[in-house]
Amino acid sequence: MTDSWVALRRFTQARIALGRAGHALPTKAQLDFQLAHAQARDAVHLPWAIDDFAGEMRDLGLEPLILNTPVASREQYLRRPDLGRLLTEESRCRLTDLAAGETDVALILTNGLSSTAVERHGIPLLQAVAEGYRARNIRMAPISLVVNGRVALSDAIGGLLAARVAVIIVGERPGLSAADSLGIYLTYGPQPGNTDAERNCISNIRPPEGLGYEAAAAKLLYLTGEAMKRGLSGVALKDEMDELLTANQA
Amino acid sequence: MKFRKNFKGRGYGFDGLKSLLAKASPLRAADELAGIAASSEEERAVAQWLLADLPLATFLAEPLIPPEEDEVSRLILDSHDRTAFAPISSLTVGELREWLLSDSVTDADVSTVCWGLTPEMAAAVSKIMRNQDLIAVARRCSVITGFRNTIGLPGRLSTRLQPNHPTDDPRGIFASVLDGLLYGNGDAVIGINPATDSPKNVERLLYLLDDIIQRHEIPTQSCVLAHVTTTLELMRRGAPVDLVFQSIAGTEAANKSFGINLALLAEARDAALASGRGTHGDNVMYFETGQGSALSANAHHGIDAQTCEARAYAVARAFSPLLVNTVVGFIGPEYLYDGKQIIRAGLEDHFCGKLLGLPMGCDVCYTNHAEADQNDMDNLLTLLAVAGCTYIMGVPGADDVMLAYQSSSFHDALYLRRILGLRPAPEFEDWLNRVGIFDGSNALSRGAQSPQLIGAMKELAKVTP
């Protein structure tokens, strides 16, 4: 049985006017849902081919640095978010050896909760971000790649590199409508113990439906510049950015 | 070691009430994450034996958090009713389980001890109950509340219509509201989680919902689930606030991390009561809770997730809410790992809430990184409906496109109505029959549906986006 208000679907992505078989979903709507859920599940559980990813980066002239967390499996990653925020001793030593020169930005990429997202959008987003930083003479450390990292891992990495700003690109938790979104989190003065209130976030990066690479990079460059100028990030910076954007619109 | 037991030559010790409760708790990821779970199944079973032998009075003598450090503990002790406690005051936790299940104890007796029970007693007894016990006892508890209709009558199941939209687009929200109403949902509340908590945005949404309810004379209430401070500010400006929403937790520190305290909740409730918008009752608060919230705020004081959750119900019941729901699977697998843990937690929360006198609903839900799927939700949904759950969520196609998680759908409520004969709130059911959405026998009409709503739909469809 179809619904007479199907025309309302154009106003929302919500699953409205699905019709019914008795009290239940029609078969098509039921299978649509199952497919979307299957894609989201795959995105969570697919392993990330990090070595292939590093190879692609090198081909494009970007220097990768592969680091590790103590997380031993995907299941442990899901159960123990605290471990995804730490580096192994070996990775810590490698970073300590690197932290010689002055670094503005420690850029990090992790698959987070969606390997599909980093596989699909990781390289072009990194390219857009790295080009932007280079054009503005912002000094970057080698780009860290980490399997099974959490957002706060950027505090550990940025802290060891003595970077002024840590930026982590992370696969976002898959929803039914989008299993391949990347998010970016920026923290000024990264140190273990920083709270989420001290971070700025750019989310839903997944062109063409979501935010594009260039637009995301432009937003990140703006935030990075302002964070370094003002010596802060998080709620205070967000409020000012919102005001600025509103003022520009007016 | 305060509590000791030897079992086949192995000695088990638990150094206090908190530890005993945590180790007696059925396994869940949150307690493992906090490092307070039993280290073996045998240790858990032994802890349950010791807990069963504990006199209920122990919980009054030994608060889990010193009252001078925590206002929720003070509230629990101050609101304890010695007279109501009298019939069960000499019982142990294990004896309380049997008392609750006993044939010689009436359903009315169970309601009578409500304010004699503390959340810790409810949590403790739940830990030694099987799922069927949680269902059977919750079903004995009757909690009836009212605002613009009557929620919680026997044989009824209500739904919150949840028309969320990723950018709060009014047409998108309106489309989901119409869809939900035409599927017979929305008697508990039409409640939006706003994408942006700004007062201006929340105010716009409040007027949108109020207009729909007034225009179509729907016997229900609206809510925009903003922070209580935002809602307070909007009430001062005269915005049409039916229910005041707030997420709450079971410790003062966790509530502080939400930016609230008991005085603030009292202030908001007074303001909502003063606006006098209810016609069938003065239950003006809507609370959400969930196991793991205190831990995620690092404010659990070493108390297990389920006991912290029950303590949140002490906060809730101090403000006579219209609705409370546990958003059980939203928090993620580091707290409730899989379908089995989510189902158990949903039944525990519903049981403890009802036992403590709350109009308890459940957001039967999961995220995509939890080991759960629609079949697990079907199981929990059916079990809760059998247990007499007050209400469930109604989300278009079970897919919340703003919060990116899966909840129950409009269709799910129709399923429960068909298999268990559960009806919506009476005033809302009358309206559904009157406008032609329902057929007079608790099911959707097959013929022409609500000309008035279809008219509103056509009007909306004419608008060029």
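Scroll up to find the structure.
Draft legend 1. Just the pattern of salt bridges, in detail. On inspection of all chains with the given rule, the structure shows 38 salt bridges over all chains. Residue R206 of chain A is joined to E209 of chain A by a salt bridge in which the shortest nitrogen-to-oxygen separation is 3.6 Å. The residue E233 of chain B makes a salt bridge to R236 of chain B at a minimum N-O spacing of 3.7 Å. Of this pair, E233 of chain B and R236 of chain B both sit in helix 13 (residues 228-236), three residues apart, which is roughly one turn of the helix.

Draft legend 2. Quick look at helix 10 (residues 131-140) of chain B. Three or more residues of helix 10 of chain B are buried, namely D133, L134, I135, V137, A138 and R140 of chain B. Of the surrounding secondary structure, the elements contacted by the buried residues of helix 10 of chain B are helix 7 (93-101), helix 8 (107-112), helix 9 (119-127), helix 18 (339-355) and helix 19 (374-386) of chain B.

Draft legend 3. Representation of unusual backbone geometry within the structure. Following P207 of chain A, the chain continues into P208 of chain A via a peptide bond in cis, with omega recorded as 10°. Structurally, P208 of chain A is set in the loop between strand 6 (199-205) and helix 7 (213-230). In the Ramachandran plot, N137 of chain A falls in the positive-phi region, its phi being about 55° despite a non-glycine side chain. Looking at the element boundaries, N137 of chain A is found in the loop between helix 5 (115-135) and strand 3 (143-146). With a relative accessible area of 67%, N137 of chain A lands in the exposed category. With a phi angle near 55°, H301 of chain B is a residue other than glycine that sits in the positive phi range. Position of H301 of chain B relative to the elements: it lies in the loop between helix 16 (293-296) and helix 17 (305-317).

Draft legend 4. Representation of the layout of surface pockets within the structure. Estimated volume of the second largest pocket: approximately 520 Å³. Forming the boundary of the second largest pocket are 28 residues, of which R15, D32, A36 and L176 of chain A together with D399 of chain B lie nearest the centre. Counting only elements with at least two residues in the lining of the second largest pocket, the list comes to helix 1 (27-45) and helix 5 of chain A. Per element, the largest residue contribution to the lining of the second largest pocket is six residues, and it comes from helix 1 of chain A. Residue composition of the lining of the second largest pocket, grouped by class: 13 nonpolar, six polar and nine charged.

Draft legend 5. Looking closely at the side chain of D3 of chain A. With respect to the helices and strands, D3 of chain A occurs in the segment before helix 1. Buried and without a salt bridge, D3 of chain A has R20 of chain A as its closest oppositely charged side chain, separated by 5.3 Å. When sequence neighbours within four positions are dropped, the list of residues in contact with D3 of chain A reads A17, L18 and G19 of chain A together with Y183 of chain B.

Draft legend 6. Spotlight on the environment of I151 of chain B. Residue and element names in this part refer to chain B. On the secondary structure map, I151 appears in strand 4 (residues 150-151). Residue classification places I151 among the buried residues on the basis of a relative accessible area of 1%. Discounting chain neighbours no more than four positions away, the residues touching I151 are V143, I144, T145, S158, D187, A188, Q221, L322, L323 and T390.

Draft legend 7. Quick peek at the interface of chain A and chain B. Listed as interface residues are 39 residues of chain A and, on the opposing side, 51 residues of chain B. Overall, the association of chain A and chain B removes approximately 3700 Å² of surface from exposure, summing both partners, and the carbon and sulfur fraction of that is 60%. Looking at the side of chain A facing chain B, the largest losses of area belong to W5, F11 and H23 of chain A, adding up to 21% of the total buried there. For R41 of chain A, the salt bridge goes to E371 of chain B, with nearest N and O atoms at 2.9 Å. Inspection of the chain A/chain B interface yields 15 residue pairs in polar contact (both at pLDDT 80 or more). At the level of secondary structure, the elements contributing two or more residues to the side of chain A that touches chain B comprise helix 1 and helix 3 (74-79) of chain A. For the side of chain A that touches chain B, the element with the highest residue contribution is helix 1 of chain A, accounting for seven residues. Classifying every residue of the side of chain A that touches chain B gives 19 nonpolar, 10 polar and 10 charged.

Draft legend 8. Representation of the nonpolar core. In terms of nonpolar packing, the biggest core is built from 164 residues, with L8 of chain A together with L181 of chain B touching the most fellow members. Once residues lying within four places of it in the same chain are set aside, the contact partners of L8 of chain A are I16 of chain A together with A175, L178, M457, L460 and A461 of chain B. In terms of nonpolar packing, the next biggest core, distinct from the first, is built from 37 residues, F53, L186, L223 and A227 of chain A among them.

Draft legend 9. Representation of a negative patch on the surface within the structure. Residue and element names in this part refer to chain A. A contiguous patch of negative charge on the surface is contributed by D51, D52, E56, D59 and E119. Looking at the secondary structure, you find E119 in helix 5. Taking relative accessible area as the criterion, E119 reaches 43% and is therefore assigned partly exposed.

Draft legend 10. Expanded view of empty space enclosed by the protein. One pass over the structure, following the stated rule, counts four cavities of 30 Å³ or more. Taken as a whole, the largest cavity holds about 70 Å³ of empty space. Its residues assigned to classes, the lining of the largest cavity shows five nonpolar, two polar and three charged. In this structure, the second largest cavity occupies an estimated 40 Å³ of space.

Draft legend 11. Local environment of the packing of helix 5 of chain A against helix 7 of chain A. All names here are of chain A. Orientation of helix 5 relative to helix 7, taken along the N-to-C sense of each, is 45°, at an axis distance of 9 Å. One element, helix 5, and the other, helix 7, form an angle in the oblique class. In this structure, helix 5 crosses over helix 7, and the sense of that crossing is right-handed. Together, R120, H121, P124, L125, A128, V129, G132 and Y133 of helix 5 and Y213, E214, A216, A217, L220, L221 and T224 of helix 7 make up the contact between the two elements. A per-class count over the contact of helix 5 with helix 7 returns 10 nonpolar, three polar and two charged.

Basis of the calculations
- Residues numbered from 1 in each chain as written.
- Chains lettered and ligands numbered in written order.
- Predicted model: local features only at pLDDT ≥ 70, side-chain atom pairs only at ≥ 80, totals over all residues.
- Heavy atoms only, no water.
- Salt bridge = Lys/Arg side-chain N within 4 Å of Asp/Glu carboxyl O.
- Helix = DSSP H or I, 4+ residues; strand = E, 2+ residues; numbered from the N terminus.
- Buried < 20%, exposed > 50% of the residue type's maximum accessible area, 1.4 Å probe, protein only.
- Contact = heavy atoms within 4.5 Å.
- 1 Å grid on protein atoms, 1.4 Å probe; cavity = no way out; pocket = protein on both sides within 12 Å on 5 of 7 lines; lining within 4 Å.
- Points joined across faces, edges and corners; volume = space filled by probe spheres on them.
- Nonpolar A, V, L, I, M, F, W, Y, C, P; charged D, E, K, R; others polar.
- Lys, Arg positive; Asp, Glu negative; His and termini not counted.
- Buried area = accessible area lost by both parts, 1.4 Å probe.
- Polar contact = N/O pair within 3.5 Å; in protein donor to acceptor, adjacent residues only side chain to side chain.
- Core = buried A, V, L, I, M, F, W, Y, C linked by side-chain atoms within 4.5 Å.
- Patch = residues over 30% accessible without salt bridge, like charges linked within 9 Å, V, L, I, M, F, W, Y side chains within 5 Å.
- Areas by Shrake-Rupley, 256 points an atom, 1.4 Å probe, with all protein chains shown as cover.
- Charge placed at Lys NZ, Arg CZ, Asp CG, Glu CD.
- Axes fitted to C-alpha atoms, helices over the stretch in contact; angles between N-to-C directions.
- Parallel < 35°, antiparallel > 145°, perpendicular 65-115°, else oblique.
- Left-handed = near helix turned anticlockwise from the far one by under 90°.

None of the figures reported here should be taken as evidence of function without further support.
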